Amino acid sequence: MSVLPILKWPDPRLMDICAPIEAITPEIEALAADMLETMYAAPGRGLAGPQVGAMQRIFVMDVSWKEGKPDPLVCLNPMLQEVSEDCATNSEGCLSIPGISADVSRSAQVQMVWTGLNGARYVQSFTGFAAVCVQHELDHLDGVVTFDHLDAQTRAALEAEYTA
């Protein structure tokens with residue numbers, strides 16, 4: 001395992017839509033292990049393939065490890081099945097836009113389906129910070145970054161702060 005370099009915005013790969021993973025190969029397993037190691041070292045709670053230059057539909061997350069309860073999750077070809085109409089606004093940071101936090105409104109509860117490294121399909125509902133993390137990482141797989149959720153004035157101000 002190794003820590004991978006994390007791409008920083010405005011790297012154009014962060015704006016691309018990722019390709020589905022066709023098969024679970026030793027390379028995909030190694031990528032997942034490297035992504036987890038990179039996420040923990042960053043230190044973050046989620047990391048998507050394009051953030052490390054892997055343009056495939058994979059993300060890793062562990063929303064509880066900073067509280068001492070590691071629970072890593074590797075998601076291949078994840079998709080939302082259901083989203084609640086209830087929304088919550090939270091301050092979000094991103095490993096690809098270091099030093100910047102922005103208030104983003106997202107569904108308060110989501111249900112996601114994905115494939116695990118063992119080839120099994122999983123369906124799980126997420127609430128609270130885990131729901132935010134899932135939606136944030138899915139955004140990366142679709143070429144969407146935090147800035148894309150902001151109104152023009154807020155985006156311009158945060159971009160100026162980031163590039164300063």
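Residues numbered from 1 in each chain as written. Predicted model: local features only at pLDDT ≥ 70, side-chain atom pairs only at ≥ 80, totals over all residues. Heavy atoms only, no water.

Our next topic: the overall build of the protein chain. What the protein chain contains, in helices and strands, is three helices and seven strands. The linear arrangement of helices and strands in the protein chain, starting from the amino end, is α-β-β-β-β-β-β-β-α-α. Over its C-alpha trace the protein chain gives a radius of gyration of 15 Å, about what one expects of a compact globule, namely 15 Å for 164 residues. In terms of principal-axis extent, the alpha carbons of the protein chain reach across some 45 × 35 × 35 Å. For the protein chain, with 164 residues in total, the buried portion stands at 45%. Here the contacts in the protein chain between residues at least 6 apart in sequence split such that 61% fall between residues at least 24 apart. For the protein chain, the computed accessible surface area is about 8,000 Å², with 53% contributed by carbon and sulfur atoms. (Helix = DSSP H or I, 4+ residues; strand = E, 2+ residues; numbered from the N terminus. Rg over C-alpha atoms; globule rule 2.2 N^0.38 Å. Buried < 20%, exposed > 50% of the residue type's maximum accessible area, 1.4 Å probe, protein only. Contact = heavy atoms within 4.5 Å. Areas by Shrake-Rupley, 256 points an atom, 1.4 Å probe, with all protein chains shown as cover.)

For helix α3 (residues 152-163), built from 12 residues, the straight-helix expectation of 16 Å at 1.5 Å per residue is met to within 8% by its first-to-last C-alpha distance of 16 Å. Of the residues that open α3, the one with a side-chain oxygen 3.1 Å from the backbone nitrogen of Q153 is D151. (Expected span 1.5 Å × (residues − 1). Polar contact = N/O pair within 3.5 Å; in protein donor to acceptor, adjacent residues only side chain to side chain.)

Moving on to the side chain of Q135. Tracing the backbone through its elements, the reader meets Q135 in helix α2 (residues 128-141). Residue classification places Q135 among the buried residues on the basis of a relative accessible area of 8%.

Taken in spatial order, the five strands of this open sheet run β1-β2-β3-β6-β7, and their pairing is antiparallel. The open sheet has two edge strands with one neighbour each: β1 (46-48) and β7 (121-127). Each neighbouring strand pair of the sheet contributes to a mean axis angle of 40 degrees, computed without reference to strand direction. Both β1 and strand β2 (residues 58-61) contribute to a ladder of three bridges, which runs antiparallel. Residue pairing for β2: G46 is matched across the bridge by M61. The strands touched by α2 within the sheet are β1, β2, β3 (73-83), β6 (109-115) and β7, with β2 carrying the most contacts at an inclination of about 155 degrees. (Pairing = 2+ DSSP bridges. Axes fitted to C-alpha atoms, helices over the stretch in contact; angles between N-to-C directions.)

Another aspect to go through is the environment of T146. Along the chain, T146 turns up in the loop between α2 and α3. Each C-alpha atom of the pair T146 and D103 lies 9.0 Å from the other, and the pair is 43 residues apart in sequence. In contact with T146, not counting residues within four places along its chain, are C94, I97, A102, V104 and H136.

Here the focus is the packing of aromatic side chains. Centre distance and the angle of the planes are the two values used to describe a pair of aromatic rings. Counting across every chain of the model gives six aromatic pairs. Ring geometry for Y40 and W65: centres 5.1 Å apart, planes at 85 degrees, overall edge-to-face. Highlighted residues: Y40 in helix α1 (residues 26-41) and W65 in the loop between β2 and β3, separated in sequence by 25 residues. Since its relative accessible area comes to 27%, Y40 is described here as partly exposed. Measuring from centroid to centroid gives 6.1 Å for W114 and F126, while their planes differ by 45 degrees, and the two rings are tilted. Here W114, found in strand β6, pairs with F126, found in strand β7; they are 12 residues apart in sequence, far enough to count as distant. Exposure class is identical for W114 and F126. Each is buried. Through a chain of ring-to-ring contacts, the aromatic side chains of W9, F147 and Y162 assemble into a single cluster. Directly above the aromatic system of F129 lies the positively charged group of R45, at a separation of 5.4 Å from the ring centroid. (Phe/Tyr/Trp six-rings, centres within 6.5 Å; stacked < 30°, edge-to-face > 60°. Lys NZ or Arg CZ within 6 Å of the ring centre and 35° of its normal.)

Turning our attention to the side chain of D62. Within the secondary structure, D62 sits in the loop between β2 and β3. Of the side chains with opposite charge, R45 comes closest to the buried, unpaired D62, at an N-O distance of 7.4 Å. A distance of 3.2 Å separates the side chain of D62 from the backbone nitrogen of W65, its partner in a polar contact. A polar contact is formed between the side chain of D62 and the backbone nitrogen of D71, at a distance of 2.9 Å. Those residues within four positions of D62 in sequence are excluded, and the remaining contacts are M39, Y40, R45, K69, P70, D71 and P72. (Lys, Arg positive; Asp, Glu negative; His and termini not counted. Salt bridge = Lys/Arg side-chain N within 4 Å of Asp/Glu carboxyl O.)

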